[in-house]
Amino acid sequence: MNVFARWRPLAHAEEPSGTIDYSSSNASLLSISINRASSASDRPWKSPAAFTTVFSPDDDNANVYNKVVEPNISKVLQGESSSFFAYGHSGSGKTHTIIGYDQTPSNLGLSLAAAHQLFEHLTILNESDTPQLGLGLSLFELRGKSAYDLLNNRVECHIREGPDGKTHIRGKTETLEHGKVRVRPIVQRACWTFEDFQQVLQGGLARRAVGTSTIHDQSSRTHAVLELEIVNQALVDAREALIDRQSELVPVGKRATDISIEEQSKGYICTDGKWGPNPNYTINQARIDEANAEKAKFEAHVQTAEKNVSNIYNSASGLGGKIVFVDLAGAEYHQDNTASTLKGIKQTPQEKQEGRQINTDLLALKEVIRAWSAKQTRIPFRSSPLTMVLREQFLSAKGSSSGMIVTCSPAKDQYAATLNSLKYGGLVGAATK
């Protein structure tokens with residue numbers, strides 16, 4: 001995984017406190033030196049040689065995109081996966097980097113710039129006989145141990161590991177006609193133009209939870225995950241059909257289980273504290289077999305639908321290519337005694353609770369990246385909801401197709417936070433080289 005550092009410009013309100021002294025080495029992998037420079041006793045801290053590029057405050061989002069994301073677009077168009085993380089403390093520029101706060105070409109966030117470039121390529125591909133390709137967008141946020149679907153009215157979803165070993169994010173259970181039960185996965189909206197994509201994304205982002213922290217009055221208190229996938233209408237329809245087949249299986253499978261339990265319950269009796277065959281009842285095995293046969297028929301329907309999805313993936317070049325952007329929650333650093341003395345910072349109980357979960361997630365992410373980069377047989381994905389959600393992305397992505405952008409503030413009064421961010425980035429970068 002390539003690790004980048006990005007210094008944001010100093011805000012006007014921060015000018016009286018001054019700036020951190022910082023510099024970077026000139027080598028294939030860069031190290032960063034910073035110094036609070038508040039007194040003669042201050043000594044510089046230097047990171048390991050871990051950063052691929054260090055962006056200055058003069059580099060806009062377009063420059064960052066061209067260096068970090070653009071080289072991977074061709075891989076996504078070939079069906080591969082890429083992922084990009086923005087890490088840093090509240091107010092350091094993560095959301096501006098991933099989302100962007102204005103729509104000018106030079107300041108499109110990395111996610112919008114990637115979508116724009118992908119649609120340019122898809123437009124050319126759609127001129128051939130290939131079924132029309134578009135982008136499927138999923139957008140959700142992780143808060144605590146739950147996921148909230150921002151394209152489905154912030155429905156709370158549960159993160160579970162299925163019997164197939166994969167992580168599944170499921171919403172509320174819907175009861176349909178004839179006893180059918182449907183559990184919706186995270187919603188994916190198919191967009192066929194960049195304008196459609198932009199509109200859907202903006203609508204989802206409006207539902208994202210923000211809160212006032214001691215650092216930033218619009219601090220992101222959640223991890224936002226944006227998934228862009230190349231899709232066509234056949235794939236969209238096949239996935240919907242699979243959900244329907246799974247819905248049909250639920251009541252049939254429940255009936256088979258109920259009949260088996262009912263027959264077994266009648267077939268045994270407890271006498272003198274011991275269970276044994278009931279002499280007054282013979283288990284109706286034919287009834288059990290009939291219910292299991294009906295269940296097997298519907299299971300076959302599900303398997304057929306799954307095979308159809310798989311076949312569609314192989315029907316068009318690039319179909320299923322995915323790029324994921326993660327706007328991580330603001331890295332909490334207030335537990336640091338030095339930081340807590342700055343400007344009289346005092347955490348609220350809610351901030352402390354949120355901070356503990358955020359720190360747990362970020363520590364787990366660092367350990368997963370280390371194990372993944374070292375190609376260890378055991379990668380601790382179960383350590384947090386964040387790493388569970390990203391499991392499939394890590395397993396399908398190639399190392400050079402992923403990147404982390406450490407956003408840094410040059411403000412002297414945020415020195416402790418910036419130092420902690422660079423330490424985290426240095427550890428990740430050094431571990432992945």
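Positions within a chain are numbered from 1, following the residues in the order the chain's sequence is written. Given that the model is predicted, a residue must reach a pLDDT of at least 70 before its local features are reported, and side-chain atom pairs must reach 80 or more before they are shown or counted; all residues, however, enter totals for whole chains, interfaces and linings. Hydrogens are left out, water is left out, and the side-chain values use all remaining heavy atoms of the structure.

Engineer: What is the right way to look at the overall build of the chain in this model?
Structural biologist: Strands are runs of DSSP state E lasting at least 2 residues, helices are runs of H or I lasting at least 4, and numbering of each runs from the N terminus. Each helix and strand in the chain was counted, giving twelve helices and 19 strands. Whether a residue is buried, partly exposed or exposed follows from its accessible area with a 1.4 Å probe, protein chains only, as a fraction of its type maximum: under 20%, in between, or over 50%, in that order. Looking at the chain as a whole, 47% of its 433 residues qualify as buried. A total accessible area of about 20800 Å² is found for the chain, and carbon and sulfur atoms account for 50% of it. Charged residues are defined here as Lys and Arg on the positive side and Asp and Glu on the negative side; His and the ends of the chain fall outside this count. Charge placement uses NZ in Lys and CZ in Arg. For Asp and Glu, CG and CD serve respectively. Charged side chains of the chain number 47 positive and 47 negative; the gap between the two group centres comes to 7 Å. Under the convention used here, a 1.4 Å probe and the Shrake-Rupley method define accessible areas, while residue burial counts only the protein chains that appear.

Engineer: What exactly am I supposed to notice about the pairing of strand 19 (residues 402–408) here?
Structural biologist: Successive residues of a regular strand alternate their side chains across the two faces of the sheet. Among the seven residues in strand 19, seven count as buried, and that is most of the element. Here strand 19 shows a buried face lined by S402, M404, V406 and C408 and a second buried face lined by G403, I405 and T407. Whether two strands pair depends on DSSP finding at least two bridges between them. For strand 1 (residues 2–7) and strand 19, the ladder comprises six bridges, and the chain directions are parallel. Bridge pairing in strand 19 links V3 to M404. With five bridges joining them, strand 6 (residues 81–87) and strand 19 adopt parallel strand pairing. Bridging across to strand 19, A86 finds its partner in I405.

Engineer: How do you make sense of unusual backbone geometry when you look at a structure like this?
Structural biologist: Excluding glycine, a negative phi dihedral is what most residues carry, and trans is how most peptide bonds are arranged. One non-glycine residue with positive phi stands out, namely R154, at about 55°. Along the polypeptide, R154 turns up in the loop between strand 8 (146–149) and strand 9 (155–161). Judged by relative accessible area, R154 falls into the partly exposed class, the value being 28%. In the Ramachandran plot, K375 falls in the positive-phi region, its phi being about 55° despite a non-glycine side chain. The topology assignment puts K375 in the loop between helix 9 (349–373) and helix 10 (385–389).

Engineer: Help me understand the UniProt feature "binding site: ATP" (unreviewed entry) in the chain in this model?
Structural biologist: UniProt positions are given in the numbering used here, feature names are shortened, and annotations may be inferred rather than shown by experiment. The UniProt record marks G88, H89, S90, G91, S92, G93, K94 and T95 with the feature "binding site: ATP" (unreviewed entry), using the residue numbering of this structure. Those residues in contact with G88, other than ones at most four positions away along the chain, are K94, A329, G330, A331, T407 and S421. Residue contacts are counted whenever heavy atoms from the two residues lie within 4.5 Å of one another.

Engineer: Help me understand the nonpolar core in this model?
Structural biologist: As used here, the term nonpolar core means buried Ala, Val, Leu, Ile, Met, Phe, Trp, Tyr and Cys residues forming a set that is joined through side-chain atoms within 4.5 Å. Formed by 49 residues in total, the largest nonpolar core has its most connected members in V69, F197, L228, I323 and F325. Residue contributions to this core peak at eight residues, all from helix 4 (residues 110–125). Where a domain begins and ends is set by an automatic assignment or by a domain database. Residues lining this core come from more than one domain, with at least three contributed by each of domain 1 (2–232 + 318–432) and domain 2 (242–311). Ignoring any residue separated from it by four or fewer positions in sequence, one finds F197 in contact with L112, A115, F119, L137, C191 and L228. Core analysis: the next-biggest nonpolar cluster, separate from the first, contains 48 residues, W45, F51, I159 and V389 among them.

Engineer: Honestly, the environment of L77 in this entry has me stumped. Any pointers?
Structural biologist: Within the fold, L77 resides in helix 2 (residues 73–77). A residue is classified by how much of its surface remains accessible, and L77, at 16% relative accessible area, is buried. Remark: the alpha-carbon pair of L77 and G321, spanning 244 residues in sequence, is separated by 6.0 Å. If we skip the residues at most four places from it in the chain, L77 touches L118, H121, L122, I230, S317 and G318.

Engineer: Before we go on, may I ask you to explain the pattern of salt bridges in this structure?
Structural biologist: Side chains that carry opposite charge are capable of pairing whenever their charged atoms lie near each other. Any Lys or Arg side-chain nitrogen found within 4 Å of a carboxyl oxygen on Asp or Glu counts as a salt bridge. Summed over the entire model, instances satisfying the criterion amount to 15 salt bridges. For the salt bridge of R382 with E161, the shortest nitrogen-to-oxygen distance reads 3.0 Å. A residue pair is termed long-range when its members are at least 10 positions apart, and R382 in the loop between helix 9 and helix 10 and E161 in strand 9 qualify at 221 residues. The class for R382 is exposed, based on a relative accessible area of 65%. In this structure, E262 engages K266 in a salt bridge whose closest nitrogen and oxygen atoms are separated by 3.1 Å.

Engineer: Explain the layout of surface pockets here, please?
Structural biologist: Space left empty within the atom packing is revealed by a probe, the size of a water molecule, rolled over the atoms. Estimated volume of the largest pocket: approximately 1900 Å³. What lines the largest pocket is a set of 46 residues, and nearest its centre among them are H168, P185, R239, Y313 and K322. The element best represented in the lining of the largest pocket is helix 6 (residues 233–267), accounting for six residues. For the lining of the largest pocket, a count of residues per class yields 16 nonpolar, 14 polar and 16 charged. Each of domain 1 (2–232 + 318–432) and domain 2 (242–311) gives at least three residues to the lining of the largest pocket. Using a grid of 1 Å spacing that covers the protein atoms alone, one calls a set of points a cavity when a 1.4 Å probe fits there but cannot get out, and a pocket when the set is open and has protein on both sides within 12 Å along at least five of seven lines; lining residues are those with an atom within 4 Å of a point. Grid points are joined across faces, edges and corners, and a volume is the space filled by probe spheres set on the points. Gly is placed with the polar residues, together with every amino acid not listed as nonpolar (Ala, Val, Leu, Ile, Met, Phe, Trp, Tyr, Cys and Pro) or charged (Asp, Glu, Lys and Arg).

Engineer: Help me out: how do you make sense of the pairing of strand 16 (residues 268–271) in this one?
Structural biologist: In this sheet, strand 17 (residues 274–277) lies alongside strand 16 in antiparallel orientation, the contact comprising four bridges. Paired with T271 across the strands is K274, a residue of strand 17. Where strand 16 hands over to strand 17, the hairpin turn is made up of two residues, of which D272 adopts a positive phi near 55°.

Engineer: I tried to follow the packing of aromatic side chains on my own but got confused; where do I start?
Structural biologist: To describe a pair of aromatic rings, you give the distance between the ring centres and the angle between the ring planes. Any two rings among Phe, Tyr and Trp, with Trp reduced to its six-membered ring, count as a pair given centres within 6.5 Å; such a pair is stacked if its planes are under 30 degrees apart, edge-to-face if over 60, and tilted if neither. Per the counting criterion, the structure on display carries eight aromatic pairs. With a centroid separation of 3.8 Å and 15° between ring planes, the pair formed by W7 and Y22 is classed as stacked. Of this pair, W7 sits in strand 1 while Y22 sits in strand 2 (residues 21–24); the two residues are 15 residues apart in sequence, bridging distant segments of the chain. According to the relative accessible area criterion, W7 is buried, its value standing at 2%. Y22 gets classed as partly exposed once you look at its relative accessible area, which sits at 31%. Between F84 and F325, the ring centres sit 5.8 Å apart and the planes meet at 25°, which makes this aromatic pair stacked. Linking F84 in strand 6 with F325 in strand 18 (residues 322–327), this pair joins segments that are 241 residues apart in sequence. Neither residue differs from the other here; F84 and F325 are each classed as buried. An aromatic cluster is built from F85, W372, F381 and F394, whose rings are joined through pairwise contacts.

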